[in-house]
Amino acid sequence: PKFTDAYLLGAKLQGLPEGDRDDAIKRVNQAIKLLADDKKQGSAALVLRARLQSNQEDPLADLAKAIELDPGNTEAWQTRAALRIVKGEWDQAVKDFEQLVKNEPDNVAARQALAETLLNLEKYDLALEQIEKAIELAPDAAVNYTLRARIHESQGKVDEALADLGEALRVDPS
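Structure report, in brief. (Residues numbered from 1 in each chain as written. Predicted model: local features only at pLDDT ≥ 70, side-chain atom pairs only at ≥ 80, totals over all residues. Heavy atoms only, no water.)

### Looking at the nonpolar core
For the record, the criterion: Here, nonpolar core refers to any group of buried Ala, Val, Leu, Ile, Met, Phe, Trp, Tyr and Cys residues whose side-chain atoms link them within 4.5 Å. Exposure categories follow from relative accessible area, calculated using a 1.4 Å probe and restricted to protein chains: below 20% of the type maximum is buried, above 50% is exposed, and the middle band is partly exposed. Only heavy atoms enter the contact rule, under which two residues are in contact if any of them lie within 4.5 Å.
The biggest cluster of nonpolar side chains holds 39 residues, and the ones touching the most others in it are Leu8, Val28, Ile131 and Ile151. If we ignore the near neighbours within four places in the chain, the residues touching Val28 are Leu8, Ala11, Ala45, Leu48, Arg49 and Leu52.

### Some remarks on the side chain of His152
Formally: Runs of H or I in DSSP of at least four residues are treated as helices and runs of E of at least two as strands, each being numbered from the N terminus.
Mapping His152 onto the fold places it in helix α9 (residues 142–154). Given a relative accessible area of 9%, His152 falls into the buried group. Residues contacting His152, with those up to four places away along its chain left out, are Leu128, Lys157, Glu160, Ala161 and Asp164.

### Side note on helix α2 (residues 21–34)
Worth spelling out the cut-off: Multiply 1.5 Å by the residue count of a helix minus one, and that product is the helix's expected span. Any pair of nitrogen or oxygen atoms within 3.5 Å is treated as a polar contact; in protein, a donor-acceptor pairing is required on top of that, and neighbouring residues in sequence qualify only through side-chain atoms on both sides.
Along its 14 residues, α2 runs 20 Å from first to last C-alpha, staying within 8% of the 20 Å computed at 1.5 Å per residue. All of the buried residues in α2 are Asp23, Ala24, Ile25, Val28, Ala31 and Ile32. Against α1 (4–14) and α3 (39–52) lie the buried residues of α2. With a side-chain oxygen lying 3.1 Å from the backbone nitrogen of Asp22, the N-terminal cap of α2 falls on Asp20.

### Structural notes on the environment of Pro105
Of note, Pro105 is situated in the loop between α6 (90–103) and α7 (108–120). Once the C-alpha coordinates of Pro105 and Gln14 are considered, the two residues, 91 residues apart in sequence, prove to be 35 Å apart.

### Some remarks on the packing of α7 against helix α8 (residues 124–137)
A pair of packed helices can be characterised by two numbers: the angle between their axes and the separation between those axes. Rules: Only C-alpha atoms enter the line fits that serve as axes; for helices the fit covers just the stretch in contact. Angles between N-to-C directions range over 0 to 180 degrees. Throughout this description, any angle smaller than 35 degrees is read as roughly parallel, any larger than 145 degrees as roughly antiparallel, any in the 65 to 115 degree range as roughly perpendicular, and the remainder as oblique. Each crossing is labelled by how the near helix is turned from the far one, with a counterclockwise turn of less than a right angle marking it left-handed and a clockwise turn marking it right-handed.
Running from N to C, α7 and α8 cross one another at 160°; their axes reach a closest spacing of 8 Å. Looking at the two axes, α7 sits roughly antiparallel to α8. The handedness of the crossing between α7 and α8 is left-handed. Where α7 approaches α8, its residues Val108, Arg111, Gln112, Leu114, Ala115, Leu118 and Leu119 are matched on the opposing element by Tyr124, Leu126, Ala127, Gln130, Ile131, Lys133, Ala134 and Leu137.

Next up, the structure:
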C-alpha cells in the first residue's frame, strides 16, 4: 500500500487511450499523498495528474504546485507553458519558457518554443535572439533555420528568409 511507483505506473497505464482516466487520477492522488515528504517525486506526480485532468479541472494549479516543490522540474515548466499557449495566455507562456531557458540554457527545444511564442506575439527581435542561440547550440538542426526564416519573413526580410530556407535545405535536404 505504500509502493508509490506502483501507483504512478498504474496511473500512467490507465491514462493511455482505452484506459480509465478516473482510476488513473485515483492512483496518482494516492501517490501524491505518499510522496508528501519527497519534493522531487511529488512534483513529478503532480505533473502526471495535471496531464490526466480534463478541461473541467484546473491543471495549472497542479503545475504551479509542481514548480513550487521542484523549480528545476523541466517537464512541469514545459507542460505549463504549453497549456498556457492552448489557453491563449501567450505572455504567461513566454515567462515559463524564459524560466525554463534560465534553468537550462542549453535546452534547444525550449529556445525554439520561446522563439515560436515570441514570433506569435510579434516580438521579432526577442524571437531572433532565442533562435540565434538555438542555432549556436544546434547548427545542424534544420528546424532552427526554418523558424528563423519565418521570423525574417514576418519582418518583411525576404532575402534573409530565403537564405535561411536554403541553409535548412543544405543541413537537411529531405
